[in-house]
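Next come the chains, spelled out residue by residue.
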Amino acid sequence: MDFFTFNRTIKIRMILQFLTVLGTMSVMPYVVIFFAEKLGSFVTGFMFLGVMLASVAGALAGGIATDRKGRKKVIVFSEAVVFAGFACIAAVNSPWLDLPYVTFGLFVLVNFCTGLSGPAYQALIVDETNPNNRKKVYTFAYWLNNVGLAIGGMIGAFLFQDYSFYLFLGVSGIILVSLVMTSLFIKDRYVVPQIEYTSVGNKESISNVWHIYIEVLKNKAFAALAVANLLFISVDEQLTNFIGIRLSNEIADPVPLVSFLAVEVGGVNLLGILKTENTLIVVALSGFIAYLLKKLRDRSVLLWGTVLYFLSFAVISFHHTPIVLIIAMLIATIGELMHIPVKQTLLANIIPDHARGVYLSLYGLMAVGGSAVAGLFIFGSGLISPYVLTGCIVLAGIAVVGIYGRLMKKEQRENVDSIQQKRAYKIP
C-alpha cells in the first residue's frame with residue numbers, strides 16, 4: 001500500500017486528519033438542526049451566516065499566519081483553541097446546562113480557528129511531498145477523508161439527537177489527541193523567511209490583508225485554477241441545493257427504484273441514495289481507479305475526468321428516472337476520482353514555496369464562493385427551469401476543461417524547457 005511509502009509526517013497527518021474528520025462530521029452536519037430546534041429557523045439562519053463568516057475570516061488570517069509564523073505553530077495554536085472550544089460546548093450542553101447562545105459564540109470561535117488552521121494543514125502536506133509522489137498522497141488523502149466523512153456522518157445520524165453531549169466530548173478528545181501528536185511528532189520543515197514577502201507585496205502591504213490577496217491573484221495560472229475550483233464547487237453543491245429541491249418536488253410520490261424490484265423511493269430518498277452512492281464508490285474504488293490510470297498521462301486523466309463529471313451532473317440536473325440518476329452518479333464519481341488528485345497536484349506545482357499559506361487560503365475560499373453561487377439557485381428554484389441549470393453546468397464544464405487544458409499544456413511546456421536546460425548544462 002502506498003501509505004507505507006510516505007514519510008512519517010504525512011502518515012501522522014493523514015491519520016490525524018481521518019480522526020478529526022470522523023469526529024467533527026459526527027456533529028457539524030447536525031448543528032443547524034440543533035440550533036433550529038432550540039431557537040427557531042430564523043435565528044438559526046443568522047447564526048449560520050455568522051459561523052460561515054468566521055470561517056472565511058479565519059482562512060484569510062490563516063493564510064498569512066502560515067507563511068509568517070510557520071505551519072506547526074498555527075496548527076498547534078488552532079487545535080488548542082478548538083479543543084477548548086468543544087470542551088466548553090460540551091459543558092454548556094450537558095445534563096446540567098443548556099446555553100444555546102453561548103454555544104453559538106463558541107462555534108464561531110471554533111470555526112474561526114478551523115479556518116485559521118486550514119491553509120497550514122494543506123501547506124504542510126505540500127512541503128512534505130514532491131512532484132513524484134503528490135498524486136499518490138492526494139489520492140490516498142481523498143479516500144481517507146471520505147471514509148471519515150462516511151463513518152462520522154453515520155455516527156452522528158444515530159447518536160446526535162440523544163447523545164450530543166457525549167459527541168461534543170468525544171470531538172474535544174479527538175482534537176486533544178491530534179494536538180498532542182502534532183506537538184510531539186510532527187516536524188515543520190518550513191523556514192520562515194527573514195525578509196518580507198517580496199513576491200506578494202512590500203513591507204507596507206503586510207498589514208493590508210486585501211492587498212496581499214490581490215497580489216496573489218495577479219498570478220494568472222493560480223487565478224485560473226481558483227476560478228475552475230469555484231465553478232466545480234458551484235456545480236457539486238447543486239446536488240443538495242437546486243437538484244435536491246427539484247427531486248423532492250418532482251418525485252413527491254414514491255416510484256419504483258428499478259423496474260424489476262419492488263422497492264419504491266421518493267425524491268428525498270433518492271437524494272440520500274445518490275449521496276451515499278458517491279461516498280461508497282469513493283471509498284471502494286479510489287485505489288482501483290488510481291491503479292488503472294497510473295500509466296496514463298495526467299493531462300488526459302484530468303480532462304476526461306472533468307468531462308465525465310460535468311456531463312453526468314448535466315444529466316442529473318434534469319432527469320428524474322432513478323436508475324438513470326444512479327448510473328449518472330456512478331459516472332460522475334469516477335470522473336471525480338480521476339481529476340481531483342491531478343488537480344491538487346497541479347495546484348501544488350503552481351504555488352510558490354514561500355507563500356503557500358496565502359495561496360492555499362485563497363484557493364480554499366473559492367470553495368466558499370462556489371457554495372454561495374450554488375445557494376443563489378435556491379432562491380430561484382421555483383422559477384428557474386431545470387434545463388437552465390443544465391445549460392449552466394455545461395457552460396461551466398466547458399470553461400473548466402478549457403482552463404485545465406491550457407494549464408496542463410503550459411506545465412508540460414515548462415517541464416520540457418527545464419529538461420532541455422538541464423541537458424544543455426551537462427554538455428561541456
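This text follows the structure it describes.
Here the structure is a predicted model, which is why all the values come from computation and not from measurement. (Residues numbered from 1 in each chain as written. Predicted model: local features only at pLDDT ≥ 70, side-chain atom pairs only at ≥ 80, totals over all residues. Heavy atoms only, no water.)

1. Section: the nonpolar core
A general tendency of soluble globular proteins is for nonpolar side chains to be buried together.
Thought 1: Grouped together as the largest cluster of nonpolar side chains are 82 residues, with contacts concentrated most on M14, F222, L239 and F313.
Thought 2: The leading source of residues in this core is helix α12 (residues 322-350), at 12 residues.
Thought 3: If you look at the next biggest cluster of nonpolar residues, it comprises 23 residues, including V27, V31, V51 and F86. (Core = buried A, V, L, I, M, F, W, Y, C linked by side-chain atoms within 4.5 Å. Buried < 20%, exposed > 50% of the residue type's maximum accessible area, 1.4 Å probe, protein only. Helix = DSSP H or I, 4+ residues; strand = E, 2+ residues; numbered from the N terminus.)

2. Some details on helix α5 (residues 100-127)
Thought 1: Here α5 contains 28 residues, and its C-alpha end-to-end distance of 40 Å stays within 8% of the 40 Å for a straight helix at 1.5 Å per residue.
Thought 2: At S117, α5 shows its strongest bend, of approximately 25 degrees, with the proline P119 following within four residues. (Expected span 1.5 Å × (residues − 1). Bend = angle between axes of the 7 residues up to and from the residue.)

3. Things to note about the packing of helix α1 (residues 8-25) against helix α6 (residues 134-185)
Thought 1: The geometry of α1 relative to α6 is characterised by a closest axis approach of 3 Å and an angle of 15 degrees between their N-to-C directions. Judged on the interaxial angle alone, α6 and α1 are roughly parallel. Crossing handedness for the pair α1 and α6: right-handed. (Axes fitted to C-alpha atoms, helices over the stretch in contact; angles between N-to-C directions. Parallel < 35°, antiparallel > 145°, perpendicular 65-115°, else oblique. Left-handed = near helix turned anticlockwise from the far one by under 90°.)

4. Details of a nonpolar patch on the surface
Thought 1: Where nonpolar side chains cluster on the molecular surface, the patch consists of I151, M154, F158, L159, Y163, Y166 and L169 and spans about 740 Å² of accessible area.
Thought 2: Its location among the elements puts L159 in helix α6. (Patch = residues over 30% accessible without salt bridge, like charges linked within 9 Å, V, L, I, M, F, W, Y side chains within 5 Å. Areas by Shrake-Rupley, 256 points an atom, 1.4 Å probe, with all protein chains shown as cover. Salt bridge = Lys/Arg side-chain N within 4 Å of Asp/Glu carboxyl O.)

5. Considerations on the side chain of N93
Thought 1: Note on placement: N93 falls in the loop between α4 (71-91) and α5.
Thought 2: Reaching out from N93, the side chain makes a polar contact with the backbone oxygen of I89 at a distance of 2.8 Å.
Thought 3: At 2.8 Å, the side chain of N93 forms a polar contact with the side chain of T103. (Polar contact = N/O pair within 3.5 Å; in protein donor to acceptor, adjacent residues only side chain to side chain.)

6. What about helix α11 (residues 298-318)?
Note: α-helices contain 3.6 residues per turn, so residues at a spacing of three or four share the same orientation.
Thought 1: Its 21 residues give α11 an end-to-end C-alpha distance of 31 Å, which sits within 8% of 30 Å, the value for a rise of 1.5 Å per residue.
Thought 2: Three or more residues of α11 are buried, namely V301, L302, L303, G305, T306, Y309, F310, S312, F313, A314, I316 and S317.

7. Quick notes on the environment of A80
Thought 1: By the element assignment, A80 lies in helix α4.
Thought 2: On the basis of relative accessible area, A80 is assigned to the partly exposed category, the value being 33%.
Thought 3: Between the alpha carbons of A80 and I175 there is a distance of 8.0 Å; along the sequence they are 95 residues apart.

8. Digging into the side chain of N111
Thought 1: By the secondary structure assignment, N111 is in helix α5.
Thought 2: Polar side-chain contacts of N111 include one of 2.8 Å to the backbone oxygen of F107.
Thought 3: With residues near it in sequence (within four places) discarded, N111 still touches M28, V51, A54 and S55. (Contact = heavy atoms within 4.5 Å.)

9. Points about the packing of helix α2 (residues 31-39) against α5
Thought 1: At a closest axis distance of 11 Å, the pairing of α2 and α5 adopts a crossing angle of 155 degrees. The orientation of α2 relative to α5 falls into the category roughly antiparallel. Here α2 and α5 pass one another in a crossing that is left-handed. Contacts from V31, F34, F35, K38 and L39 of α2 reach α5 at P100, Y101, T103, F104 and F107.
Thought 2: The residue makeup of the contact of α2 with α5, split by class, is eight nonpolar, one polar and one charged. (Nonpolar A, V, L, I, M, F, W, Y, C, P; charged D, E, K, R; others polar.)

10. Considerations on the pattern of salt bridges
Thought 1: Across all of its chains, the model carries six salt bridges by this definition.
Thought 2: For D67, the salt bridge goes to R71, with nearest N and O atoms at 3.1 Å. Neither residue differs from the other here; D67 and R71 are each classed as buried.
Thought 3: Where D298 meets K135, a salt bridge forms, and the shortest distance between an N and an O atom there is 2.5 Å.

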